[in-house]
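So you can see what is in the structure, the chains are spelled out below.
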Amino acid sequence: MTELILALDLLDRKQAARVAESCAPFIDAVKVGYPLVLATGLSIVDDLSGLGLPLIADFKVADIPNTNRLISEAVFSAGFDAIIAHGFVGADAARACVEVAHNHGGAAYIVAEMSHPGATEFFHGGVAERLATLAVSCRADGIIAPATRPDRISRLREIVGEKTIYSPGVGAQGGDLDTVARLVDGVIVGRSIYEAEDPAAEAERLSRIRR
Ligand code: 3DU
């Protein structure tokens, strides 16, 4: 079954906790990014940890190895279970995130290609393929690949094999859940769920139609 990961890009602590709690029975993980953490602080993890779901820190970490290590230590010490990092900073920097994740019994995912239109300016022409190869060589747990370009997911799957592929871009960005769910291990969905009139009902609906 393809996982359904809620991208919790809300700015209000109480609303975020309420939406996550109501959706919890229908989702497999919660992804937290800068919007929510900058609004609430890392202590939002304490509000979400009771859900019993993996918490993924989508900080797209992209610095030198030492700084990446410090960021990753803070993320896992706060209670996150996984981290998302960029690979374009090089294997040494990406590996720093992977090593900290694994030392904490967590996971690290490398962005191979992003889902928005502008991503084609830099990720195409072989770059995404190189980033996927880097993710494999760094022993990352998987990659992030775009739900808006299923053909690209298939290409990146050839490189990462059985490794996890998580895919944002379903719904608000135009990606089709049915198409993408067949290709990836998890779909990341934000606005379609948390902006719905009834987020829990929408999460349930999506959880039923994914493969
Ligand atoms: O478009 P949505 O509202 O379903 O949210 C998608 C989430 O996934 C959001 O948190 C965004 O920052 C993240 N994401 C992408 O959308 C595309 C990427 O390539 C990587 C992460």
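Residues numbered from 1 in each chain as written. Predicted model: local features only at pLDDT ≥ 70, side-chain atom pairs only at ≥ 80, totals over all residues. Heavy atoms only, no water.

1. Things to note about the layout of surface pockets
What counts is decided by this rule: Only protein atoms enter the calculation, which uses a 1 Å grid: trapped sets of points that fit a 1.4 Å probe without letting it out are cavities, open sets showing protein on both sides within 12 Å along at least five of seven lines are pockets, and any residue with an atom within 4 Å of a point is a lining residue. Grid points are joined across faces, edges and corners, and a volume is the space filled by probe spheres set on the points. Segments assigned H or I by DSSP are reported as helices when at least four residues long, segments assigned E as strands when at least two residues long, and all are numbered from the N terminus. Note on residue categories: nonpolar means Ala, Val, Leu, Ile, Met, Phe, Trp, Tyr, Cys or Pro, charged means Asp, Glu, Lys or Arg, and polar means any other residue, Gly included.
In this structure, the largest pocket encloses a volume near 450 Å³. If you trace the largest pocket, you find 27 residues lining it, with Asp9, Lys31, Asp58, Pro168 and Gln173 closest to the centre. Taken together, the elements giving at least two residues each to the lining of the largest pocket come down to strand E2 (29-33), helix H2 (34-40), strand E3 (55-61), strand E8 (186-189) and helix H10 (191-194). A class-by-class count of the residues in the lining of the largest pocket yields 14 nonpolar, seven polar and six charged.

2. Notes on the site of the ligand
Spelled out, the test is: One heavy atom within 4 Å of a molecule or strand makes the whole residue count as near it. Here a polar contact means two N or O atoms within 3.5 Å. Within protein one must be a hydrogen donor candidate and the other an acceptor candidate, and residues neighboring in sequence count only if both atoms are side-chain atoms. Residue burial considers only the protein chains on display, and all accessible areas are found by Shrake-Rupley using a 1.4 Å probe. The way we define it, a molecule is inside a pocket or cavity when more than half of its atoms are within 2 Å of that pocket's grid points.
Every one of the 14 residues lining the ligand counts as a neighbour, but Asp9, Lys31, Gln173, Gly190 and Arg191 are closest to it. Between the ligand and Asp9, the relevant distance is 2.6 Å, taken from an oxygen atom to a side-chain nitrogen or oxygen of the residue. At 2.7 Å from an oxygen atom of the ligand is found a side-chain nitrogen or oxygen belonging to Lys31. Notes on the ligand: free accessible area 460 Å², of which the protein chains cover 87%. A molecule is said to occupy a pocket when more than half its atoms come within 2 Å of that pocket's grid points, and by this definition the ligand occupies the largest pocket.

3. Comments concerning the environment of Phe59
As a reminder of what qualifies: Three labels apply to residues, based on accessible area from a 1.4 Å probe with only protein chains included: buried if under 20% of the type maximum, exposed if over 50%, partly exposed otherwise in between. Contacts are assigned to residue pairs that have any heavy atoms within 4.5 Å of one another.
Looking at the element boundaries, Phe59 is found in strand E3. Residue classification places Phe59 among the buried residues on the basis of a relative accessible area of 6%. Separated by 22 residues in the primary sequence, Phe59 and Val37 have C-alpha atoms spaced 9.6 Å apart. Filtering out sequence-adjacent residues up to four positions away, Phe59 remains in contact with Val32, Gly33, Tyr34, Val37, Leu42, Val75, Phe80 and Ile84.

4. What to know about the UniProt feature "domain: Orotidine 5'-phosphate decarboxylase" (unreviewed entry) in the protein chain
To keep things clear, this is the line we draw: UniProt positions are given in the numbering used here, feature names are shortened, and annotations may be inferred rather than shown by experiment.
Following the UniProt record, one finds the feature "domain: Orotidine 5'-phosphate decarboxylase" (unreviewed entry) at residues 3-206. Secondary structure across residues 3-206 divides into 46% helix and 19% strand, with the first and last C-alpha atoms of the span separated by 10 Å.

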